[in-house]
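An overview of the molecular structure
As a plain string of letters, each chain reads:
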Amino acid sequence: MGTGLIIEKPEAQKRGQRVAQGLLTVGFWCLFLSLLRPLLALFGWFIGIRLFTHEMIEKDGGRLLFETLRNYGLVVLVMALILRTWAWYNHRRFAGKDKRRTTMAPVSLEEIARYHNVDPTALAMWRQDRSLYVRHSEEGRVLEVQSAEPPPWKPCVRSVSLARESCTEACEKSDGRAGSPPCAL
C-alpha cells in the first residue's frame, strides 16, 4: 500500500466504497436541485418560461416557498438555541476549573534535548522561534529544523545542524566567527 491518501488515489478504494460514494453524490445533487426548484422556476419565468406562472401562482407556490423558508429558519433557530444552551452548560460546569487532577513535574530542556538526541543550545533557539519547519526520518527522529521566518541575526542562519558538535565549532565552520548561533546553509 502506498503512502498517498485515499482521496488522492481513488483506485485505492474498494469498489463498494466507490459505488456508495457515487450514489451518495448523485442523491445529494438531486436533493440540492430539488431545493433549488423554486429559484429555477423563478429564473425560468424571467426568461419567459410558463413554468413559474404554473408553479408559483396557479399552484400557490409562493406561499409554499415562504412556508419552507420559515420552517428552515425555525430549524436553524432551534439548532442555534441547542448549541448555545450546551455552551452555557459547559461554561457553568467547567469555568475556572483545571481539567487535570494532578500536574506533572516540569521537564528540563536538557531532558527534552537528550530524548530527541539534539543539541540543547539548538533546542533553546528553536523554542524562541514562532514557526519552524521540522523534517523527520522514517522512524520519526528529528533530522533538520528550519526557521520559517528569517531570524534577526545573519541571513545564513536558516537551519540548525543536528550534529553533536559544540556551537562554537558549528559557527566557525559556517562563517568563521565564534559566538553566533550554529547554522547550516
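Note that this is a predicted model, so its numbers are computed, not measured.

**Description of the nonpolar core**
In this structure, Ala113, Val118, Ala122, Leu123, Trp126 and Val145 together form the largest nonpolar core, which totals six residues. Top contributing element to this core by residue count: helix H6 (residues 120-128), with three residues.

**Describing the packing of helix H1 (residues 15-35) against helix H2 (residues 37-46)**
It is at 4 Å that the axes of H1 and H2 come closest, and there the two elements cross at 55°. On the basis of their axis angle, the class for H1 and H2 is oblique. Facing H1, whose interface residues are Leu33, Ser34 and Leu35, H2 presents Arg37, Pro38 and Leu40. Residue composition of the contact of H1 with H2, by class: four nonpolar, one polar and one charged.

**Concerning unusual backbone geometry**
Although it is not a glycine, asparagine 117 adopts a positive phi angle of roughly 60°. In this fold, asparagine 117 is placed in the loop between helix H5 (109-116) and H6. What makes asparagine 117 partly exposed here is its relative accessible area of 42%.

**Details of the packing of H5 against H6**
The interhelical angle for the contact between H5 and H6, taken along N-to-C directions, is 110°, at an axis separation of 9 Å. One finds that H5 runs roughly perpendicular with respect to H6. On H6, the residues touching Leu109, Ile112 and Ala113 of H5 are Pro120, Leu123, Ala124 and Arg127. Of the residues contributing to the contact of H5 with H6, the split by class is six nonpolar, no polar and one charged.

**Brief notes about the confidence of the model for the protein**
The predicted model of the protein averages 76 in pLDDT, with 68% of residues at 70 or higher. Across residues 154-158 the pLDDT falls below 50, and counting only partners more than four positions away or on other chains, this stretch makes 13 contacts in the model. Here residues 174-185 is a poorly scored stretch, pLDDT under 50, and it has 29 contacts once near neighbours within four places are set aside; other chains count.

**Quick look at the pattern of salt bridges**
In this structure the tally under the stated criterion is one salt bridge. Salt-bridge contacts for arginine 135 lead to glutamate 144; the nearest nitrogen and oxygen are separated by 3.3 Å. By relative accessible area, glutamate 144 is classed as partly exposed at 22%.

**Some remarks on a nonpolar patch on the surface**
Taken together, the side chains of Leu24, Phe28, Leu31, Leu35, Phe66, Leu69 and Tyr72 define a hydrophobic patch exposed on the protein surface, amounting to about 770 Å² of accessible area. Of all the secondary structure elements, the ones that give two or more residues to the nonpolar patch are H1 and helix H4 (61-94). Looking at the nonpolar patch, the element that brings in the most residues is H1, giving four residues. With respect to the helices, strands and loops of the structure, phenylalanine 28 is situated in helix H1. Phenylalanine 28 sits in the exposed class, given a relative accessible area of 54%.

**Description of the pairing of strand E1 (residues 132-136)**
As paired elements, E1 and strand E2 (residues 142-147) share five bridges and run antiparallel to each other. For arginine 135, the partnering residue across the bridge sits in E2 and is glutamate 144. Linking two consecutive strands that pair antiparallel, namely E1 and E2, is a turn of five residues; a positive phi of about 95° is found at glycine 140 within it.

Quick notes on the rules
Residues numbered from 1 in each chain as written. Predicted model: local features only at pLDDT ≥ 70, side-chain atom pairs only at ≥ 80, totals over all residues. Heavy atoms only, no water. Core = buried A, V, L, I, M, F, W, Y, C linked by side-chain atoms within 4.5 Å. Buried < 20%, exposed > 50% of the residue type's maximum accessible area, 1.4 Å probe, protein only. Helix = DSSP H or I, 4+ residues; strand = E, 2+ residues; numbered from the N terminus. Axes fitted to C-alpha atoms, helices over the stretch in contact; angles between N-to-C directions. Parallel < 35°, antiparallel > 145°, perpendicular 65-115°, else oblique. Contact = heavy atoms within 4.5 Å. Nonpolar A, V, L, I, M, F, W, Y, C, P; charged D, E, K, R; others polar. pLDDT = per-residue confidence, 0-100. Salt bridge = Lys/Arg side-chain N within 4 Å of Asp/Glu carboxyl O. Patch = residues over 30% accessible without salt bridge, like charges linked within 9 Å, V, L, I, M, F, W, Y side chains within 5 Å. Areas by Shrake-Rupley, 256 points an atom, 1.4 Å probe, with all protein chains shown as cover. Pairing = 2+ DSSP bridges.

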